[in-house]
Amino acid sequence: MAGSSRFDTHDVTNQTPPYVNVDLFASDPALQAAVAANGAGNEATELSKFGKRWGSADMVEAARLANENPPKLKTFDASGFRRDVVEFHPSYHQFMRESIGAGLHAMTWRADGVRASAPAEVARAARYYMVAQVENGHMCPVTMTRAAVAALSVQPELRDRLLPKILSRDYDQRFRPWSEKTGITLGMGMTEKQGGTDVRANTTHAEAGADGYLITGHKWFMSAPMCDAFLVLAQASGGLTCFLMPRFRPDGSVNGLRFQRLKDKLGNRSNASSEVEFADAFAWRLGEEGRGVRTIIEMVQLTRLDCAIASAGLMRMALVQALHHARHRMVFQRHLVDQPMMRSVLADLALDCEGALALVMRVCRAVDRSAADAEEALRARLLTPVAKYWICKMAPAFVYEAMECIGGNAYVEESVLARLYREAPVNAIWEGSGNVVGLDVLRVIGREREAAQSLLETIRNEASDLPGVDEAIAFLAKNFADPEVETNARGVVERMALLAASAALKTSAPRAAEVFAGARLAERRNAGYGAAAIAPEAQTWLLERTLPVG
Ligand SMILES: Cc1cc2nc3c(=O)[nH]c(=O)nc-3n(C[C@H](O)[C@H](O)[C@H](O)COP(=O)(O)OP(=O)(O)OC[C@H]3O[C@@H](n4cnc5c(N)ncnc54)[C@H](O)[C@@H]3O)c2cc1C
C-alpha cells in the first residue's frame, strides 16, 4: 500500500465522517415545518442560506477555537494603570460579527423601539436555533442586547439616543465611548455574592447626582464584560432601581467598573463572565426608583425565551451527531441505527427534540402576536418560563444520552458532544433557575387565574383528540385552583410544557404530535430514553425526519 511502512500498525476503519458542510435548515424538516406553521414560511430561502453558512466546516472550526482559547482579563497594563479590558480569540469576534451582522440582536425591534411585526420573533428564533447548534458563548451578549431594548423603553429619551447604535448591524469591538462606535452591545448585572435570585437583597447603592447616579458596590456574576453598557440593579433612596451603566462616563473618561476576575466556568467558555466592583460608577436611571425589578423583568422574559431556544438547539445538534454516527458505525455486522435498542433510544430523543422545537416556536409566535391579541400575550407570558423550565432542564440529560449513543469518542474534547454537554446546564441556572421560573409560572396563574383557565381551554382545543390531553387538563385545572400548589409546582410546569408542546406539534407536525402525546402525556415516561413505547414504523419516520438520508 502506498506510503505504508512497517510502523503502520493498523488501518483506521469504521469511523464516522465529521458532520460538517450541512445546511442546518434544509436538513431539518421539523424546523421547516415549525417555521411555516408559525408564520415565517416565506423566510425559507434566507434561512437556508443562513443554515448553510452556520453548518459550514469553517464555523464548526471557529467554534472549537473560540472555546479552546477562552477570553483573558487584562486588569492592568505593564505600568500599573488599570485597563479592565477582556481580550478574546479572533474566532469569538468572528461569531459576534456574524450574529450581529445577521441582526440576531436587533431584528425583533423597529427603528423606533417598538416590536417588529410578525413573524420577526419566529424568524429570529429559527436563526438562533441554528446558531445554538454551533456556538453558544457569544450569544450571551447578543441575547442581552436584544432583550435590553424592552427594559430601555421605560426611559424613551435615553432609548432613542442609544437605539441607532444598538440596532446597527456593525459589530464594533473597539473599547471606546458608545457615542464614538458604529454599533454597541448591552449586558446585565443583577447577581451579587449574597444572592442572585433574591435581588432585593442587593447591597450595591446609588447616589443621585446632577446628570445621573454614582454607583458603588459589586456584582458577582456579570457576563460579557466588554459590552458598552450594562443594566444593573442598585439600591437608591427610593428602593431597588434599575440603571444603565456605560463603560465610559459622558465626559469620555473610563467609568468606574473594576473587573476582579473572570469566572473559571464548566462550559460557556468562549463567553467571559466577570466579577466586578463599581467605584462611583456613573449610570442613568431606568424607570422610577424602587421599580428596578419591574423594569428589568421586561428584559428577563426575553432572555428566558432565548435560553429555551438555545437549549433546543443544543439538543438538536446532539441528536443529529448521534444519529449521523449511528448511521455510519457498524457493530456486530450491523449499523448501530439498525440495532433495535439504539433505534428506540434515538427515536425517543427525537421525540423530545420535536416537542422542544415546536413549543419554542409556538411561544415565539405568541410573542409575535402579543400586541394584537391578549390571549396570545398571556400565552407568551406564561409559556416562556414553562418552556425555559422544561427544555433547559431536559437538555443536560438529553445531551448525555446522545453522547452515550456515540460512545467513548463523544466523551473526548475533540468531539462536539463534550462541549455541548458542558454548555447545557447553564441555560437552566441563569435567568431564573428551575424553581424560580416555576414560582414565576405560579405567580402569573395566581394573578390571572380566569384568563389562565381560559388559555388552558384554548390549548385543550388545539390538542384535542391527542392521547393523554384530558388527564393533563384535569390535573392542571385542579392545581391551578390549589393554594398549596407550590410543593407540586415542578409537576404542574412540566405537565403544562408537555401539553403545550403536544398542541404546538399538532399544528406543525400532526404525526409527531400523536407519538409525542402518546409517549409523554398518556404514558408519562419516567425512565431513561429508550423506554417509551414508540411503534417501529413511528421510530423509522421520526429518524428519517430528524435527518433525511441523501
Ligand atoms: C455562567 C454564568 C453567567 C452568569 N451571568 C450573569 C450575568 O451576566 N448577570 C447576572 O446578573 N447574573 C449572572 N449569572 C448569575 C445567575 O443569574 C445566578 O447564578 C442565578 O440567578 C441564581 O442565583 P444564585 O447563584 O445566587 O443562586 P440562589 O439565588 O442562591 O439560588 C440557589 C437555588 O435556590 C433556588 N431557589 C431560589 N429561591 C427559591 C424558592 N423561593 N423556592 C425554592 N427554590 C428557590 C434557585 O432556583 C436555585 O436553584 C450568571 C451565572 C452563570 C453560571
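Residues numbered from 1 in each chain as written. Predicted model: local features only at pLDDT ≥ 70, side-chain atom pairs only at ≥ 80, totals over all residues. Heavy atoms only, no water.

Engineer: I'd like a rundown of the overall build of the protein, residues and numbers included.
Structural biologist: On a plain count of helices and strands, the protein comes out with 18 helices and eleven strands. At 24 Å, the protein has a C-alpha radius of gyration in line with the 24 Å of a compact globule built from 550 residues. Overall, the protein is about 75 × 75 × 40 Å in size when its C-alpha atoms are taken along their principal axes. Within the protein, counting contacts between residues at least 6 apart in sequence, those at least 24 apart form 73% of the total. Carbon together with sulfur atoms contributes 52% to the accessible area of the protein, which is approximately 22,300 Å² in total. Between the averaged position of the 63 positive side-chain charges in the protein and that of its 65 negative side-chain charges there is a distance of 2 Å. (Helix = DSSP H or I, 4+ residues; strand = E, 2+ residues; numbered from the N terminus. Rg over C-alpha atoms; globule rule 2.2 N^0.38 Å. Contact = heavy atoms within 4.5 Å. Areas by Shrake-Rupley, 256 points an atom, 1.4 Å probe, with all protein chains shown as cover. Lys, Arg positive; Asp, Glu negative; His and termini not counted. Charge placed at Lys NZ, Arg CZ, Asp CG, Glu CD.)

Engineer: I'd love a proper account of the site of the ligand, names of residues and values included.
Structural biologist: In the region of the ligand, 20 residues are neighbours, and Met190, Thr191, Gly196, Thr197 and Ser223 sit closest. Measuring from a nitrogen atom of the ligand, one finds a side-chain N or O atom of Thr191 at 2.7 Å. Between the ligand and Asn435, the relevant distance is 2.9 Å, taken from a nitrogen atom to a side-chain nitrogen or oxygen of the residue. In the complex, 67% of the free accessible area of the ligand, which totals 970 Å², lies under the protein chains. When contributions to the shell around the ligand are tallied by element, the ones reaching two or more residues are strand S3 (186-189), strand S5 (213-223), helix H12 (426-429) and helix H13 (434-447). Looking at side-chain class alone, the shell around the ligand contains nine nonpolar, nine polar and two charged residues. (Near = heavy atom within 4 Å. Polar contact = N/O pair within 3.5 Å; in protein donor to acceptor, adjacent residues only side chain to side chain. Nonpolar A, V, L, I, M, F, W, Y, C, P; charged D, E, K, R; others polar.)

Engineer: Break down the pairing of strand S1 (residues 72-76) for me, citing the residues and quoting the values.
Structural biologist: As paired strands, S1 and strand S2 (residues 82-87) are joined by four bridges and run antiparallel to one another. Across the sheet, the residue bridging to Leu73 is Val86, located in S2. A loop of five residues connects S1 with S2, the two strands running antiparallel in sequence, and Gly80 in this loop sits at a positive phi of about 95 degrees. (Pairing = 2+ DSSP bridges.)

Engineer: Give a description of the packing of helix H14 (residues 449-462) against helix H16 (residues 489-508) that names residues and reports values.
Structural biologist: Remark: H14 packs on H16, axes separated minimally by 8 Å, with the N-to-C direction vectors making an angle of 45 degrees. As far as their axial angle goes, H16 and H14 are oblique. The two elements H14 and H16 meet at a crossing, and its hand is left-handed. Residues Leu456, Ile459 and Glu462 of H14 pack against Leu499, Ala500, Ala503 and Lys506 of H16. Considered class by class, the residues forming the contact of H14 with H16 number five nonpolar, no polar and two charged. (Axes fitted to C-alpha atoms, helices over the stretch in contact; angles between N-to-C directions. Parallel < 35°, antiparallel > 145°, perpendicular 65-115°, else oblique. Left-handed = near helix turned anticlockwise from the far one by under 90°.)

Engineer: Can you tell me about the side chain of Lys219, naming the residues and giving the values?
Structural biologist: Within the secondary structure, Lys219 is located in strand S5. Looking at Lys219, the relative accessible area reads 0%, which means it is buried. A distance of 2.9 Å separates a polar atom in the side chain of Lys219 from a polar atom in the side chain of Asn202. (Buried < 20%, exposed > 50% of the residue type's maximum accessible area, 1.4 Å probe, protein only.)

Engineer: Got a sec to walk through unusual backbone geometry? Specific residues and values, please.
Structural biologist: With an omega of 5 degrees, the peptide bond running from Ala118 to Pro119 counts as cis. Phi angles above zero are rare outside glycine, and Asn268 is one such case at about 55 degrees. Even without glycine at this site, Gln333 takes up a positive phi of about 65 degrees. Relative to the elements of secondary structure, Gln333 occurs in the loop between strand S10 (330-331) and strand S11 (334-335).

Engineer: Go over the side chain of Asp352, please, and point to the residues and values.
Structural biologist: As for its position among the elements, Asp352 is in helix H9 (residues 340-369). Taking relative accessible area as the criterion, Asp352 reaches 2% and is therefore assigned buried. At a separation of 2.7 Å, a polar atom in the side chain of Asp352 contacts the side chain of Tyr529. Setting aside anything within four residues of it in sequence, one finds Asp352 in contact with Met315, Trp390, Met394, Phe398, Phe516, Arg520, Arg525 and Tyr529.

Engineer: If you had to explain the packing of helix H17 (residues 510-522) against helix H18 (residues 536-546) to someone new, which residues and values would you point to?
Structural biologist: In contact at an axis separation of 11 Å, H17 and H18 are set at 130 degrees when each is read in the N-to-C sense. Viewed along their axes, H17 and H18 adopt a mutual orientation that is oblique. As H17 packs across H18, the resulting crossing turns out to be left-handed. The residues of H18 that touch H17, namely those facing Arg511, Ala512 and Val515, are Glu537, Ala538, Trp541 and Leu542. Here the contact of H17 with H18 is composed, by residue class, of five nonpolar, no polar and two charged.

Engineer: Quick one: what's the story with the packing of aromatic side chains, residue by residue and with numbers?
Structural biologist: Under the counting rule described, the total for this entry stands at eight aromatic pairs. Note on Phe88 and Tyr92: the rings are 4.0 Å apart at their centroids and 15 degrees apart in plane angle, and the pair reads as stacked. The exposure class assigned to Phe88 is buried, which follows from its relative accessible area of 12%. Tyr92 sits in the buried class, given a relative accessible area of 5%. Pairwise contacts between aromatic rings join Phe50, Trp54 and Phe95 into one cluster. For Arg127, the ring lying beneath its charged end belongs to Phe50, and the centroid distance is 5.9 Å. (Phe/Tyr/Trp six-rings, centres within 6.5 Å; stacked < 30°, edge-to-face > 60°. Lys NZ or Arg CZ within 6 Å of the ring centre and 35° of its normal.)

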